[in-house]
Amino acid sequence: MPKNWLLRIPATLAVACLLSCVASAQVNTSTIAGTIHDPSGEAVADATVTVTDTANGQVRTVQTSEAGEYTVPQLPPGHYNITVEA
């Protein structure tokens with residue numbers, strides 16, 4: 001065995017601890033996004049998109065862009081109802 005094998009053990013443990021800290025920093029949220037179109041296929045600007053968590057009733061509301069696009073970020077895991085009004 002090489003002489004410095006004892007020096008490698010603390011370095012290996014330090015790297016393992018560092019990697020475990022990085023792994024625990026994962027995010028537990030998600031995003032709902034989409035595009036709203038009318039029956040003719042045109043984008044619907046300024047529509048109100050409401051996302052409701054069915055478990056606790058929390059509501060998030062956003063407006064669509066001029067291209068009919070919307071994004072609702074940082075939603076916790078769960079089941080959601082999505083409604084659109086224009």
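Computed from a predicted structure; not experimentally measured.

### Let's talk about the environment of Ile32
Then step 1. With respect to the helices, strands and loops of the structure, Ile32 is situated in strand β1 (residues 30–35).
Then step 2. Distance from Ile32 to Tyr70, taken between C-alpha atoms, is 8.3 Å for residues 38 residues apart in sequence.
Then step 3. Setting aside residues up to four positions removed in sequence, Ile32 forms contacts with Val51, Tyr70, Thr71, Val72, Leu75, Tyr80 and Ile82.

### A few points about the sheet that holds strand β3 (residues 59–63)
Then step 1. The three strands lie next to each other as β3-β2-β5, forming an open sheet whose pairing is antiparallel. With one partner strand each, in any of the chains shown, β3 and β5 (80–85) form the two edges of the open sheet. Across the sheet, the mean angle from the axis of one strand to that of its neighbour is 20°, orientation sign disregarded.

### Digging into the confidence of the model for the chain
Then step 1. The predicted model of the chain has a mean per-residue pLDDT of 83, with 71% of residues at 70 or higher.
Then step 2. Across the chain, the element-wise mean pLDDT spans from 54 in helix α1 (residues 5–23) up to 98 in β3.

### Notes on the side chain of Asp53
Then step 1. Counting through the fold element by element, Asp53 comes out in strand β2 (residues 48–53).
Then step 2. Salt bridges are absent for the buried Asp53, whose nearest opposite-charge side chain, Arg60, sits at 9.3 Å.
Then step 3. A distance of 2.9 Å separates a polar atom in the side chain of Asp53 from the backbone nitrogen of Ala55.
Then step 4. Non-local contacts of Asp53, meaning those with residues more than four positions away in its chain, are made with Gln58, His79 and Tyr80.

Calculation criteria
- Residues numbered from 1 in each chain as written.
- Predicted model: local features only at pLDDT ≥ 70, side-chain atom pairs only at ≥ 80, totals over all residues.
- Heavy atoms only, no water.
- Helix = DSSP H or I, 4+ residues; strand = E, 2+ residues; numbered from the N terminus.
- Contact = heavy atoms within 4.5 Å.
- Pairing = 2+ DSSP bridges.
- Axes fitted to C-alpha atoms, helices over the stretch in contact; angles between N-to-C directions.
- pLDDT = per-residue confidence, 0-100.
- Buried < 20%, exposed > 50% of the residue type's maximum accessible area, 1.4 Å probe, protein only.
- Lys, Arg positive; Asp, Glu negative; His and termini not counted.
- Salt bridge = Lys/Arg side-chain N within 4 Å of Asp/Glu carboxyl O.
- Polar contact = N/O pair within 3.5 Å; in protein donor to acceptor, adjacent residues only side chain to side chain.

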